[in-house]
Amino acid sequence: MRAVTVSRFGGPDAVEITEHPRPEPGPGQVRIKVTAAALNPVDAAMRSGVFGGAERIGLGFDVAGTVDAVGPGAAWSSGDRVIALATGHHKPLGTHADYVVLDGGTLAPAPASLDDLHAATLPLNTTTAAQSLRLLALASGQSLLVTGAAGGVGAHTVELAHRQGLKVTGLDAAAHEDYLLSRGADHFLTRGQPLPAACFDGVLDAARLGVEALDAVRDGGVYAGLWPGQEPESERGIRVDALGVRADGALLTELSALADQGVLRARVAETYPLHSAAQAHARLSQGALPGRIVLVP
């Protein structure tokens with residue numbers, strides 16, 4: 001089978017399409033025939049060497065597809081339509097492949113209302129959003145600033161935070177104001193303008209503003225980042241943390257249902273065939289995407 005891998009770090013030209021034996025599921029595992037797999041900024045970070053690694057690395061965290069082989073003890077059946085999240089920065093094979101084998105507990109039923117292209121955009125970004133809100137642990141009625149609010153994680157955080165009763169302010173480029181207000185933001189701030197000081201109970205810093213975002217948190221509030229090790233130092237009694245996302249099939253099942261209910265909106269910007277993964281990485285590097293790029297085997 002084909003897989004997208006890197007054996008050296010660099011730009012989009014480091015991306016390779018390599019051949020591998022089709023993987024077989026072990027106890028509790030499931031093999032998925034990949035129909036669609038989203039391309040995320042973390043894939044570009046892996047490709048460029050942000051997380052290091054000495055061996056060939058497989059790319060891809062998100063997958064939508066169909067179960068085609070089941071290991072002993074796995075609670076799935078061939079033909080089940082599923083989505084899943086494959087975490088890890090040094091895995092030999094990721095979801096950008098013809099097939100992927102994952103633990104059965106990481107899978108969830110795909111949203112019935114979405115095609116696989118759109119379903120493939122959900123696992124990493126919605127799981128990150130949901131786990132970030134758990135990490136922040138804000139109560140209904142408290143205020144949350146989401147930086148990078150129009151991005152994959154940011155927009156789903158706005159949607160889920162609104163559902164939890166938080167007072168949500170989204171920060172991003174002016175062109176995204178109407179979209180974010182339509183998805184549940186109570187207020188909008190334009191990127192590049194000074195942030196109000198010590199104003200919010202919490203911030204999810206998806207845009208990696210660091211100290212600038214921390215300054216907007218009230219004394220004793222909470223700051224959450226998405227890149228462990230890159231968060232600012234705590235001050236003024238603010239709890240500072242960063243999320244290391246974890247695959248969670250039960251949580252993803254809940255999020256899949258919320259997509260069917262219209263709470264979570266999946267956005268596909270562009271699609272590329274798997275063999276054009278390098279071109280997809282080049283397009284990702286240009287930015288200004290209204291959704292995720294999706295690779296199609």
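Located above this text is the structure these notes cover.
### Considering the sheet that holds strand S11 (residues 187-190)
Inference 1: Strand order across the open sheet formed by 6 strands is S11-S10-S9-S12-S13-S14, with parallel pairing between neighbours. The open sheet terminates on both sides in strands that have one partner only, identified here as S11 and strand S14 (239-242). Looking at each pair of strands side by side, their axes are set apart by 20° on average, direction ignored.
Inference 2: In this fold helix H4 (residues 152-163) packs onto strand S9 (143-147), strand S10 (167-172) and strand S12 (200-205), with an angle of close to 165° to the strand it touches most, S9.

### A word on unusual backbone geometry
Inference 1: One non-glycine residue, Arg-236, lies in the positive phi region at around 55°.
Inference 2: Summarising the element assignment, Arg-236 is placed in the loop between strand S13 (217-225) and S14.

### Quick word on the nonpolar core
Side chains of a nonpolar character, in soluble globular proteins, are inclined to be buried together.
Inference 1: Formed by 35 residues in total, the largest nonpolar core has its most connected members in Leu-136, Leu-144, Leu-160 and Leu-180.
Inference 2: Elements represented by at least two residues in this core include exactly helix H3 (123-136), S9, H4, helix H5 (177-182), S13 and helix H7 (249-260).
Inference 3: At 5 residues, the largest contribution of residues to this core is made by H4.
Inference 4: Those residues within four positions of Leu-136 in sequence are excluded, and the remaining contacts are Leu-144, Val-203, Leu-204, Val-222, Tyr-223, Ala-224 and Arg-239.
Inference 5: Membership of the second largest hydrophobic core comes to 19 residues, among which are Ala-44, Met-46, Leu-124 and Tyr-272.

### Quick word on the sheet that holds strand S4 (residues 57-58)
Inference 1: Spatially, the 3 strands line up as an open sheet ordered S2-S1-S4, and their pairing is antiparallel. Strand pairing shows two members of the sheet lacking a second neighbour, strand S2 (16-19) and S4, which therefore form its edges.
Inference 2: As defined by bridge partners, strand S1 (residues 2-6) adjoins S2 across 4 bridges and the pair is classed as antiparallel. The residue bridging Val-4 from the neighbouring strand is Ile-17, located in S2.

### Thoughts on the packing of aromatic side chains
Inference 1: Counting across every chain of the model gives 1 aromatic pair.
Inference 2: Each ring, one from Phe-51 and one from Trp-227, has its centre 5.9 Å from the other, and the planes form 5°; the classification is stacked. Placement of the pair is Phe-51 in the loop between helix H1 (41-48) and S4 and Trp-227 in the loop between S13 and S14, with a sequence separation of 176 residues.
Inference 3: A relative accessible area of 24% places Phe-51 in the partly exposed class.
Inference 4: For Trp-227, a relative accessible area of 18% puts it in the buried group.
Inference 5: Above the plane of the ring of Phe-61 lies Lys-91, whose end atom (NZ or CZ) is 3.7 Å from the centre.

### Regarding the side chain of His-281
Inference 1: Looking at the element boundaries, His-281 is found in helix H8 (residues 277-286).
Inference 2: Looking at His-281, the relative accessible area reads 1%, which means it is buried.

Criteria and thresholds
Residues numbered from 1 in each chain as written. Predicted model: local features only at pLDDT ≥ 70, side-chain atom pairs only at ≥ 80, totals over all residues. Heavy atoms only, no water. Pairing = 2+ DSSP bridges. Helix = DSSP H or I, 4+ residues; strand = E, 2+ residues; numbered from the N terminus. Axes fitted to C-alpha atoms, helices over the stretch in contact; angles between N-to-C directions. Contact = heavy atoms within 4.5 Å. Core = buried A, V, L, I, M, F, W, Y, C linked by side-chain atoms within 4.5 Å. Buried < 20%, exposed > 50% of the residue type's maximum accessible area, 1.4 Å probe, protein only. Phe/Tyr/Trp six-rings, centres within 6.5 Å; stacked < 30°, edge-to-face > 60°. Lys NZ or Arg CZ within 6 Å of the ring centre and 35° of its normal.

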